[in-house]
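If you want the building blocks of each chain, they are given just below.
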Amino acid sequence: MFSLSAASSASTAAAAAAVVNTVQQSLSTVPSAVLRKQRTPGSSIFWVQVQTAAASSFLRSRFCPVKAMSHPQTLSVPTHDSHSSAPGKKQALLSLSDKKDLAVLGTGLQELGYTIVSTGGTATALEKAGVSVTKVEQLTSFPEMLDGRVKTLHPNVHGGILARRDQKHHMEALNEHGIGTFDIVVVNLYPFYDKVTSAGGIAFEDGIENIDIGGPTMIRAAAKNHKDVLVVVDSEDYPALLEFLKGNQDDEQFRRKLAWKAFQHVASYDSAVSEWLWKQTSEDKFPPNLTVPLSLKSSLRYGENPHQKAAFYVDKSLSEFNTGGIATAIQASREVDRYTKLDILGILATGINIEYELELLLGNEMSYNNYLDADAAWNCVSEFKNPTCVVVKHTNPCGVASRDDILEAYRLAVKADPVSAFGGIVAFNIEVDEALAKEIREFRSPTDGETRMFYEIVVAPKYTKKGLEILRGKSKTLRILEANKNEKGKLSLRQVGGGWLAQDSDDVTPQDIQFNVVSDKTPTENELHDAEFAWLCVKHVKSNAIVIVKNNCMLGMGSGQPNRLESLRIAMRKAGDEVKGAALASDAFFPFAWKDAVEEACESGVGVIAEPGGSIRDKDAIDCCNKYGVSLLFTNVRHFRH
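The rules behind these values
Residues numbered from 1 in each chain as written. Predicted model: local features only at pLDDT ≥ 70, side-chain atom pairs only at ≥ 80, totals over all residues. Heavy atoms only, no water. Pairing = 2+ DSSP bridges. Helix = DSSP H or I, 4+ residues; strand = E, 2+ residues; numbered from the N terminus. Contact = heavy atoms within 4.5 Å. Axes fitted to C-alpha atoms, helices over the stretch in contact; angles between N-to-C directions. Parallel < 35°, antiparallel > 145°, perpendicular 65-115°, else oblique. Left-handed = near helix turned anticlockwise from the far one by under 90°. Nonpolar A, V, L, I, M, F, W, Y, C, P; charged D, E, K, R; others polar. Phe/Tyr/Trp six-rings, centres within 6.5 Å; stacked < 30°, edge-to-face > 60°. Lys NZ or Arg CZ within 6 Å of the ring centre and 35° of its normal. Core = buried A, V, L, I, M, F, W, Y, C linked by side-chain atoms within 4.5 Å. Buried < 20%, exposed > 50% of the residue type's maximum accessible area, 1.4 Å probe, protein only. pLDDT = per-residue confidence, 0-100. Salt bridge = Lys/Arg side-chain N within 4 Å of Asp/Glu carboxyl O.

As a further point, take the sheet that holds strand S28 (residues 631-634). Strand pairing in a sheet is mediated by backbone hydrogen bonds. Such pairs are either parallel or antiparallel. Reading across from one edge, S23-S28-S27-S26-S24-S25 is the order of the six strands in this open sheet, with mixed pairing throughout. Both edges of this open sheet fall to strand S23 (516-517) and strand S25 (554-558), since each of them pairs with a single strand only. Packed onto the sheet, helix H18 (residues 564-575) meets strand S24 (546-549), S25 and strand S26 (583-586) and runs at close to 150 degrees relative to S25.

See below:
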């Protein structure tokens, strides 16, 4: 780099001439050196072309920008740093937004004989750590410009990354232009995800400026040329990289794995940018193209059945950020009273410490079926405002009860179907304290009054220290989960062969709709409350679904039957004699009334029926209810669940 200072009174032209003279003097010992100067119109920037005849008979030339400065005017001609382009020199390019373990990496590479080339803040951090650095400007002969938008987008960088070592003409091109090769590229990107999900949001212009351009370009280039260039995007891979470099043998699979990870990293980054831009552009929830970034959190022992392999992925979409549910976890150690972070689940998303939402506090690892059941139980219990207990088996709520006394609610929920409750999931929408924990631990099955109830999972929004301690003693396999409520308005995705179905989550509550009385008999206030309670339960039961409720307590439910009549009969059998005066809810309309589900329900003594309506035989249902003196409510909202 040649640097000169010119008097402020000197003209720009004179200053440029001084630069040329200085360069000529500096190159006087170089044979066949030719200099040309050219001014950019309307600018104080001159371009000085330095052209030298190489020994191989071809000419190598380059234009160097020179800008006249004032007070005092400093003129500089950047030149290529000869050591950085020397053939055969081992070089690593580092450009990191997240500088975790940077000093360890830099020191390790330097000890292995690598020359480190770096950008701005990364170079500064390395220098502070005592690591020698060649700044990227010395390779490009251009400073960082356009507010940092252009740093590494230059042939001297990308030529060194993309050149194939086994292609003679590639290497000749590098030699012709004085470009050295890079053996390692370590890059991570601007924290776009963190910025756009930060508290209070971010202005559109700031979001745009946090879209990384140079970083993804270097990553993709290095990943494409992974046969010759090792690319690293994750600080967790630094130790493996250094160990690999210490070995004498190459490993193609190691290189391919790093390249895969690099492309996946960029793809996830781009999906966040795409999702964010779509939300800035349209209110439509269903864009023409949709990419969902998934991150592996755990491999499972097996899927729904032992012969099926399975894994758990967390949805890293912006829309899932900090929106509640079961996604990640903390597991309590039995030996010490502390939590150890353990990511376990991803259907109910994010939360504690912004990212960690569900806490796996104790017990065995979650299984595939545990995830589904925990999701169902938590989604159901979170719907209720009063203290509520929900018991789930195979994703269906088999017991639900709300009471001011949560202990009573728990007993009633189990009583609804104690056989199904055994080995199920029990969920609460309030804190589990010492008294409730003791009840969970000691409660005996209502079927015989002796068998202690066994559960796979207990899930609640929080636990007292004493409550958690008591639950620890219940079972070595009991999983104790702590979760935050799901936010409304999520996008629900479900896979079918060769495609995906997308829909809004079913967030409708009784407060959002009207229970229209279509019968002669008007329900009492208690009957109406029970109908609302039953309607809220039935939306969580697999279709065809029938739920029978009395005094804010599920008495019986029928689920998953191909015909509604059979679901009704199952629910009534479970409810027994308590069905008299109870409320019944159906997830969809009754296609037939006489000598079918509606009439059988009326004959059993049900006091009120809530259903969507919409059948061509709705009048039959109304006439049937009028005949038996039963209140009939149409909600105009269906709750199919497949």
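Having put the structure on the table, let's press on.
Two elements in contact, H18 and helix H19 (residues 597-604), have axes whose closest approach is 9 Å; the angle formed by their N-to-C orientations is 15 degrees. One element, H18, and the other, H19, form an angle in the roughly parallel class. The handedness of the crossing between H18 and H19 is right-handed. Within the contact between the two elements, H18 uses Leu-565, Leu-568, Arg-569 and Met-572 and H19 uses Ala-597, Glu-600, Ala-601 and Ser-604. Among the residues making up the contact of H18 with H19, the classes are represented as five nonpolar, one polar and two charged.

Moving on, we come to the packing of aromatic side chains. By the definition in use, this model includes nine aromatic pairs. Taken together, Tyr-410, Phe-428, Phe-443 and Tyr-455 form an aromatic cluster joined through their ring pairs. The side chain of Lys-90 reaches across the aromatic face of Tyr-114, ending 4.5 Å from its centre.

Soluble globular proteins: nonpolar side chains tend toward being buried together. Membership of the largest hydrophobic core comes to 73 residues, with the highest contact counts inside it found for Tyr-410, Phe-428, Val-432, Ile-440 and Val-547. Ranked by size, the runner-up nonpolar core spans 29 residues in total, among them Val-136, Phe-182, Val-185 and Ala-223.

Per-chain confidence: the protein averages 80 in pLDDT, with 80% of residues scoring 70 or above. Every residue in residues 1-16 is under pLDDT 50, and counting partners more than four places away or in other chains gives 35 contacts. Across residues 329-359, where pLDDT falls below 50, the model places 130 contacts with residues more than four positions away in sequence or in other chains.

The next thing to look at is the side chain of Glu-439. One can find Glu-439 in helix H15 (residues 434-442). Aside from chain neighbours lying at most four places away, what touches Glu-439 is Leu-407, Tyr-410 and Arg-411.

A side chain with one charge may pair with a side chain of the opposite charge, provided their charged atoms come close. The final tally for this structure, using the stated rule, is 24 salt bridges. In this structure, Asp-166 and Arg-164 form a salt bridge, with 3.2 Å as the shortest nitrogen-oxygen distance. Among the ionic pairs, Lys-539 bridges to Glu-383, the shortest N-O distance being 2.7 Å. Of this pair, Lys-539 sits in the loop between helix H17 (525-538) and S24 while Glu-383 sits in the loop between helix H12 (368-381) and strand S16 (388-393), placing them 156 residues apart in sequence. Accessibility classification places Lys-539 together with Glu-383 in one group, the buried group. In this structure, a network of salt bridges that share partners links the residues Arg-441, Glu-442, Arg-444 and Arg-452.

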